[in-house]
Amino acid sequence: MNFKLPKFTSYYLVACIVIWALFAFLGLDEQATLRAGFWPSRGISDSNFGGAHLALPAILTPISSAFLHGDYGHLASNMPFLLFAGLMVELRIGTKNTVILAILGAYGSALGYALYPFTWGNVAIGASGVISALIAAAVTININLGKRRIGKYALDTVFRVLLMTLWIIYQLYIGFFTAGGASVAIGGHIGGFIVGLLMGRPLMRNAIGKSRYS
């Protein structure tokens, strides 16, 4: 039996590596961050961004920023998680649905980053927001608790609320109690994760049919 890497996961991983290597080799990594990173202070308008004529439209930067990485360590820390989470999701819901999830995850991550305190004037880059969405989706589509309940609450709902709470606590711990927390896009991780929690099940139903997955 031959096994092939799913298209989106493999293409996205390779694109991240090639883009980082190319910009690093050319010495354009800082310019790429400036012109294609996600800056909450830009909003959806380019009017308040210096040199905006050289930058991607603000509305596209949640996507473009998800292909950029600051250095080799940043890239190396993201790619294994992208590979495994991407495999777990794409093999279940297919390439088309995974692309939809990744796009929604990128924009959800950008929104989470913009809403997180003290990030308004900073820039976000990296695949971790999309990866967070993939991780959340991987868990929720592979653990189906059916119609079981805890009292008047659906066990599945309790599980997802607990999972989201633990993720938020973990991200806040990284942000406030670790040496590298200042450089981690905490809000982006949270925003992407919430998208994965919300969209994993609907995309799974879209992939295999509602009658087979509820």
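Residues numbered from 1 in each chain as written. Predicted model: local features only at pLDDT ≥ 70, side-chain atom pairs only at ≥ 80, totals over all residues. Heavy atoms only, no water.

K.L.:
Hey, could you go over the overall build of the chain for me, with residue numbers and the actual values?
P.N.:
Counting its secondary structure elements, the chain contains seven helices and two strands. When the helices and strands of the chain are read in sequence order from the N terminus, they spell out α-α-α-α-α-β-β-α-α. Here the chain holds 214 residues, and the buried ones make up 43% of them. Carbon and sulfur atoms provide 70% of the accessible area of the chain, an area that totals close to 11,800 Å². (Helix = DSSP H or I, 4+ residues; strand = E, 2+ residues; numbered from the N terminus. Buried < 20%, exposed > 50% of the residue type's maximum accessible area, 1.4 Å probe, protein only. Areas by Shrake-Rupley, 256 points an atom, 1.4 Å probe, with all protein chains shown as cover.)

K.L.:
Can you lay out the packing of aromatic side chains for me, pointing to particular residues and giving the numbers?
P.N.:
In the structure shown here, the tally under the stated rule is six aromatic pairs. Their ring planes at 55 degrees and their centres at 6.1 Å tell us that Trp20 and Tyr72 sit as a pair that is tilted. Placement of the pair is Trp20 in helix H1 (residues 7-26) and Tyr72 in helix H4 (residues 72-115), with a sequence separation of 52 residues. According to the relative accessible area criterion, Tyr72 is exposed, its value standing at 55%. (Phe/Tyr/Trp six-rings, centres within 6.5 Å; stacked < 30°, edge-to-face > 60°.)

K.L.:
Pulling in residues and values, what's your account of the nonpolar core?
P.N.:
If you look at the biggest cluster of nonpolar residues, it comprises 25 residues, and the most contacted ones within it are Tyr12, Met79, Leu82, Val89, Leu101, Val130 and Leu134. Broken down by secondary-structure element, the contributors of at least two residues to this core are H1, H4, helix H5 (128-142) and helix H7 (186-208). Apart from the residues within four sequence positions on either side, Val89 is in contact with Gly94, Thr98, Leu101, Leu134, Ala137, Ala138 and Ile141. Tyr113, Ala114, Ala124 and Ala185 belong to the second-largest nonpolar core, a separate cluster that totals six residues. (Core = buried A, V, L, I, M, F, W, Y, C linked by side-chain atoms within 4.5 Å. Contact = heavy atoms within 4.5 Å.)

K.L.:
Tell me about H4, and name the residues and values.
P.N.:
Between its first and last C-alpha, H4 extends only 28 Å over 44 residues, short of the 64 Å set by a 1.5 Å rise per residue. Largest kink in H4: about 120 degrees, centred on Gly94. Measuring from the backbone nitrogen of Gly73 back to the side-chain oxygen at the start of H4 gives 3.2 Å, which picks out Asp71 as the cap. (Expected span 1.5 Å × (residues − 1). Bend = angle between axes of the 7 residues up to and from the residue. Polar contact = N/O pair within 3.5 Å; in protein donor to acceptor, adjacent residues only side chain to side chain.)

K.L.:
Now, about helix H6 (residues 155-177): what can you tell me, with residues and values included?
P.N.:
The end-to-end C-alpha distance of H6, which contains 23 residues, comes to 32 Å, matching closely the 33 Å that a straight helix rising 1.5 Å per residue would cover. Residues of H6 that are buried include every one of Asp156, Leu163, Trp167, Gln171 and Ile174, and no others. The secondary structure elements touched by the buried residues of H6 are H5, strand E2 (153-154) and H7.

K.L.:
Please provide a residue-by-residue account of the side chain of Glu90, values included.
P.N.:
Position of Glu90 among the secondary structure elements: in helix H4. Within the structure, the side chain of Glu90 is placed 2.9 Å from the backbone nitrogen of Phe8, a separation counted as a polar contact. Aside from chain neighbours lying at most four places away, what touches Glu90 is Pro6, Lys7, Phe8, Thr9, Thr95 and Thr98.

K.L.:
Tell me about the environment of Ile131, and please be specific about residues and values.
P.N.:
Structurally, the position occupied by Ile131 is in helix H5. Take Ile131: its relative accessible area is 4%, and that puts it in the buried class. For the pair Ile131 and Phe81, spaced 50 residues apart in sequence, the C-alpha to C-alpha distance is 6.8 Å. Filtering out sequence-adjacent residues up to four positions away, Ile131 remains in contact with Asn78, Phe81 and Leu82.

K.L.:
Residue-level account of the packing of H5 against H7, with values.
P.N.:
At a minimum axis separation of 7 Å, H5 and H7 run at an interaxial angle of 40 degrees. For the element pair H5 / H7, the angle class is oblique. Considering only the axes of H5 and H7, their crossing is right-handed. Of H7, the residues touching H5 (which contributes Ser128, Gly129, Ser132, Ala133, Ile135, Ala136, Ala137, Thr140 and Ile141) are Gly188, His189, Gly192, Phe193, Gly196, Leu197, Gly200, Arg201 and Met204. (Axes fitted to C-alpha atoms, helices over the stretch in contact; angles between N-to-C directions. Parallel < 35°, antiparallel > 145°, perpendicular 65-115°, else oblique. Left-handed = near helix turned anticlockwise from the far one by under 90°.)

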